[in-house]
Amino acid sequence: SACTSLSEFKGADGVTAIGDTTFSGCTALSSIEGLESVTTIGDSAFSGCTSLASYPFSGTLTSIGSLAFSYSGLISLDVPDSLTTVGDQAFSFCTELTSASLSSSLASLGRQAFRSCVNLRSVDTLGGVTEIMDGTFDGCSLLASTPSLSGVKKIDRNAFRNCARAFASGLDISASADE
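Computed from a predicted structure; not experimentally measured. (Residues numbered from 1 in each chain as written. Predicted model: local features only at pLDDT ≥ 70, side-chain atom pairs only at ≥ 80, totals over all residues. Heavy atoms only, no water.)

## Section: the overall build of the protein
Where we set the bar: The helix count covers DSSP runs of H or I at least four residues long, the strand count covers runs of E at least two residues long, and both are numbered beginning at the N terminus. The globule rule is 2.2 Å times the number of residues to the power 0.38, and the radius of gyration it is compared with is taken over C-alpha atoms. In this scheme, a residue with accessible area under 20% of its type's maximum is buried, one over 50% is exposed, and one in between is partly exposed, where area comes from a 1.4 Å probe on protein chains only. In what follows, residue pairs with any heavy atoms lying within 4.5 Å of each other are defined as contacts.
Of the regular secondary structure elements, the protein holds 0 helices and 12 strands. Secondary structure of the protein in N-to-C order comes out as β-β-β-β-β-β-β-β-β-β-β-β. For 179 residues, the compact-globule estimate of 2.2 N^0.38 gives 16 Å, and the C-alpha radius of gyration of the protein, at 16 Å, lies within 12% of that figure. For the protein, the spread of C-alpha atoms along the principal axes amounts to about 50 × 25 × 20 Å. Here the protein holds 179 residues, and 42% of them are scored as buried. Contacts spanning at least 24 positions in sequence make up 22% of the contacts within the protein whose residues lie at least 6 apart.

So this is what it looks like as C-alpha cells:
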C-alpha cells in the first residue's frame, strides 16, 4: 500500500485473494502478472492505482470488493463469467474507463459501482442483477446506451443520474420491474 515507486507485480501460483488495500495508492503500478488463481479482490485493493490501465482478471474470480479499483487508470473492463459480486464504488471515478464487459453470472452490483466514470460509453450486460442500486451509473455522461434491463425489478434513486445520452432513444423497462 502506498508504494508510489512500485511499477510491476508478479504474483505466485496459488494466491487466491488480494487483501484489502494491498496495492492502494501504488500510483506507478502498471503491470500485474501471475494471479490466475485469485477468487477475491478485497476492498480498496487497487484504489488510486492511476497507472493501472488493465488488470488480468482470472476465470476463478468471484468477488470484487468495495472501492477495489476506484480512482484507478483502468481503460476497459472485461471480467470473467465466474464473477458474481461487485462491491460499492468498485470502479467509481475511473475516468479513463470507456467500456465494461460484465459477467453474465453477476448477481450483485454495488452502490455507485461506476459513479463518475465520465468516459464510460458502454456496458454490455447486467447479468442476473435485479436491483440497480443508488448512483450505480451516476455521472457517466457519455454512456450511450444501457444494457438490457430485463430481469431488473428495482432501479434506485440516482442510478442513472446525468446519463441523458443513455436514454436518448427512450427507456424500455421490463414488465417485471416493481419500482
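Moving on, there is more to tell.
## Some remarks on the environment of Cys-3
Examined against the element boundaries, Cys-3 turns out to sit in the segment before β1 (8–10). Judged by relative accessible area, Cys-3 falls into the partly exposed class, the value being 41%. Taking the C-alpha atoms as reference, Cys-3 lies 6.9 Å from Gly-25; in sequence the two are 22 residues apart. Setting aside chain neighbours within four positions, we find Cys-3 in contact with Gly-25 and Cys-26.

## With respect to unusual backbone geometry
A positive phi angle, close to 55°, is found at Ser-44, a residue other than glycine. As for its position among the elements, Ser-44 is in the loop between β4 (40–41) and β5 (63–64). Ser-44 gets classed as buried once you look at its relative accessible area, which sits at 15%. Even without being a glycine, Asn-158 presents a positive backbone phi close to 60°.

## Section: the sheet that holds strand β7 (residues 85–86)
Rules: Pairs of strands are assigned from DSSP output, requiring at least two bridges between the strands.
Spatially, 5 strands are ordered β2-β4-β5-β7-β9 in an open sheet, and the strand pairing comes out parallel. Bordering the open sheet on either side are β2 (17–18) and β9 (108–109), each of which pairs with just one other strand. Bridge analysis of β7 against β9 gives 2 bridges, and the strand direction is parallel. Note that in β9 the partner of Val-86 across the bridge is Leu-109.

## Some thoughts on the sheet that holds strand β8 (residues 99–101)
Note on sheets: strands pair through backbone hydrogen bonds, and any given pair is parallel or antiparallel. With respect to topology, 3 strands assemble into an open sheet ordered β6-β8-β10, the strand pairing being parallel. Across the chains shown, the open sheet's two edge strands, defined by having one partner strand only, are β6 (76–78) and β10 (122–123). In this structure, β8 lies alongside β10, joined through 2 bridges in parallel fashion. Residue pairing across strands places Ser-99 opposite Ser-122, the latter belonging to β10.

## Notes on the packing of aromatic side chains
What counts here: Two rings belonging to Phe, Tyr or Trp (six-membered ring only in the last case) form a pair when the distance between their centres is within 6.5 Å. Interplanar angles under 30 degrees mark stacking, angles over 60 mark edge-to-face geometry, and anything in between is tilted.
Tallying each qualifying case throughout the model produces 12 aromatic pairs. Each ring, one from Phe-137 and one from Phe-160, has its centre 5.3 Å from the other, and the planes form 10°; the classification is stacked. Taken together, the residues span a long stretch of sequence, with Phe-137 in the loop between β11 (131–132) and β12 (154–155) and Phe-160 in the segment after β12 at a distance of 23 residues. Assessed through its relative accessible area of 1%, Phe-137 is described here as buried. An aromatic cluster of three or more residues is present, and its members are Phe-9, Phe-23, Phe-46, Tyr-55, Phe-57, Phe-69, Phe-91, Phe-114, Phe-137 and Phe-160.

## Description of the side chain of Asp-134
Of note, Asp-134 is situated in the loop between β11 and β12. Not counting the four nearest positions on each side in its chain, Asp-134 is found in contact with Arg-111, Gln-112, Asp-156, Arg-157 and Asn-158.

## Quick word on the pattern of salt bridges
A side chain with one charge may pair with a side chain of the opposite charge, provided their charged atoms come close. Note the following rule: Salt bridge, as applied in this entry: a Lys or Arg side-chain nitrogen positioned within 4 Å of an Asp or Glu carboxyl oxygen.
Under the criterion given, the structure shown has 5 salt bridges. Ionic pairing is found between Arg-161 and Asp-138, a salt bridge with its closest N-O pair at 2.9 Å. Of this pair, Arg-161 sits in the segment after β12 while Asp-138 is found in the loop between β11 and β12, placing the two residues 23 residues apart along the sequence. Take Arg-161: its relative accessible area is 40%, and that puts it in the partly exposed class. For Asp-156, the salt bridge identified is with Lys-154, shortest N-O distance 3.7 Å. According to the relative accessible area criterion, Asp-156 is buried, its value standing at 13%. A single salt-bridge network, built from bridges that share partners, covers Arg-115, Asp-138 and Arg-161.

Purely spatial values, then, with no claim about function.
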